[in-house]
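Structural characterization, general
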Amino acid sequence: MRDVQAHGDGEEVPLRGSVDGCDVEGRKEDVDEKGWDVDTCFVRRVGECGRGQRWRAAAASLAWAPGAVQTLVLVFAAQQVPRTCLQDDCEGCRDPGWTWQQPSSHSVVSTFDLVCERAWMLQFLNVIYFFGFLFGAGYYSSLSDRTGRKRALFLSCASSAGVASLSAIAPNYWTMVITRCMTGFTNAGIGLAAFVLTMEYVGPNVRGRVGLVTHCFFTAGLCLLPAVAYFVRNWRVLMAFSSLSALLYLPVCYWLPESPRWLLVHGKHEEARTVLESMAEANGTHLGEVEFTAHQQEEGPRPGLKSLLGTKERRSKLMVLTYTWCMISAVYYGLQLGVGDLAGTIYINFFLQSIIEVPSTLTAAFTVDHLGRRPTFVTALLGAAAGCFVCALSTGTVRMVGAIMGKFFVTGAFNSAFLYTSEMFPTVVRNGAVGLCSQAARIGGIVAPAVIYLGTALDSTGTYYVVFGLVMAVAGLLSLNLPETRGAHLSDALEDAHPPP
């Protein structure tokens, strides 16, 4: 079977080899005067998502699994331990009014006595993790641009494995606070570098679908965690496992090639050619002789925050989106961190809340294209609010169903938010808008454990479900004012930006 693609000057040029079983023949192509960039090579010669790219993208995305384990390991390593009262008139917090029913090594709570007046210290371990994550994201974003995606990913995995192992041997609570903050800082680079590397392995027409699929590797890590925690009832061993998961990924990372886009942008043309030729060979295609584009720094100042906030319309959209991203993150992590308050076993509940992300991701991928961005986004936000309200007004099995429902919808909101936000702003400020919203999401991660502690302090788990439901309902209602972007023209310059019809 012959596969034909158009050359830059309009001439149809057959390609040599096959992609996914489609045989093609070809001959040498001429290059235009300006040369080719990586996307042109993918579309016209290498293939956009052939075998040579799929296994590289999957290997890069695999880094999300240890990232998920390290983010939520405290759900099991710091789960509540039942106590036995030693006196008839014991109120539970009078010393020595109680004793642990399980060995102190079972949980961080029993090892460091994180109950009564020290109960706030439990969720503070999660707060400090996301605080470190907030600053680590900025550092590793810069490192990834300066030294390469692969190097940033390798360093992030190696350093997170090291500091996570320190948590496993922490002699006291405050040492663990420091190591958890460091783990958050180093773990921030794993998802960031892995996502960018994955996107830069594939062609422009498949990045949206590939980007959604990468989230399934984070889900895989979440599903693995309760399975391991069920058999490992020692929190120090479980923390060591979280370190080992990142350590085992290092050989995979070492074997990955650097992003050809990053290599080309930094003038490493021959190295970029080697990577592209390797992908083409695995795809059954042929790169041939191509002249790469000489990348140059744009002259003049780049649009910044002032440009992003330059019009009332953009300010309004950005205010809604930053609030919404923050609340989506808070509810996403809040529901996952709060599984210990649901009826039944924590291991099954955590697994169910994790595996539900797979159909949520697939549903979002379908509805954003067939129903539109805004209907998908608003429905997901209001659906998550409804799930939280069900949890607040019920107990037992119904509350567990409500939590799973909330997790299904908030995951869909998280997945669709990236695409929806990126399409709402001109190209020159698009990265700035998405970056600002992403920072807001990290603040949401800090808020989540604080809200959960509020419910604990008030001795009412329904309290934080009410809070989560309210903030998501507000986000859903505010998002009704956002424009639909499906099929809309994506403006490049600020002066060309206008709301879609």
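Taken together, Leu166, Ile169, Ile178 and Met182 make up a surface patch of nonpolar side chains, about 380 Å² in accessible area. Looking at where leucine 166 falls in the secondary structure, it is placed in helix α7 (residues 149–168).

Two side chains that carry opposite charge are able to pair once their charged atoms sit near each other. Using the criterion set out here, one finds five salt bridges in the structure. The closest approach of N and O atoms between arginine 261 and aspartate 39, which form a salt bridge, is 2.6 Å. Here the residue arginine 261 occupies a position in helix α11 (residues 260–265), and aspartate 39 occupies one in helix α1 (residues 38–46), the gap between them amounting to 222 residues. Residue arginine 261 is classed as partly exposed on the basis of its relative accessible area of 25%.

Right, let's get into the packing of aromatic side chains. Taken as a whole, this structure holds 22 aromatic pairs when the rule is applied. Their ring planes at 55 degrees and their centres at 4.8 Å tell us that phenylalanine 130 and tyrosine 333 sit as a pair that is tilted. Residue phenylalanine 130 is located in helix α6 (residues 120–147), and its partner tyrosine 333 is located in helix α14 (residues 312–337); the two are separated by 203 residues in the primary sequence. Taken individually, phenylalanine 130 and tyrosine 333 each receive the classification buried, so the pair is uniform in this respect. With a centroid separation of 5.5 Å and an interplanar angle of 90 degrees, the aromatic rings of tyrosine 230 and tyrosine 347 are classed as edge-to-face. Placement of the pair is tyrosine 230 in helix α9 (residues 207–231) and tyrosine 347 in helix α15 (residues 346–355), with a sequence separation of 117 residues. By relative accessible area, tyrosine 230 is classed as partly exposed at 45%. An aromatic cluster of at least three residues, connected via ring pairs, comprises Tyr129, Phe130, Phe133, Tyr332, Tyr333 and Phe414. For the cation-ring pair, lysine 407 lies above tyrosine 332, with the distance from its terminal atom to the ring centre recorded as 4.7 Å.

Thresholds, definitions, all that
- Residues numbered from 1 in each chain as written.
- Predicted model: local features only at pLDDT ≥ 70, side-chain atom pairs only at ≥ 80, totals over all residues.
- Heavy atoms only, no water.
- Patch = residues over 30% accessible without salt bridge, like charges linked within 9 Å, V, L, I, M, F, W, Y side chains within 5 Å.
- Areas by Shrake-Rupley, 256 points an atom, 1.4 Å probe, with all protein chains shown as cover.
- Salt bridge = Lys/Arg side-chain N within 4 Å of Asp/Glu carboxyl O.
- Helix = DSSP H or I, 4+ residues; strand = E, 2+ residues; numbered from the N terminus.
- Buried < 20%, exposed > 50% of the residue type's maximum accessible area, 1.4 Å probe, protein only.
- Phe/Tyr/Trp six-rings, centres within 6.5 Å; stacked < 30°, edge-to-face > 60°.
- Lys NZ or Arg CZ within 6 Å of the ring centre and 35° of its normal.

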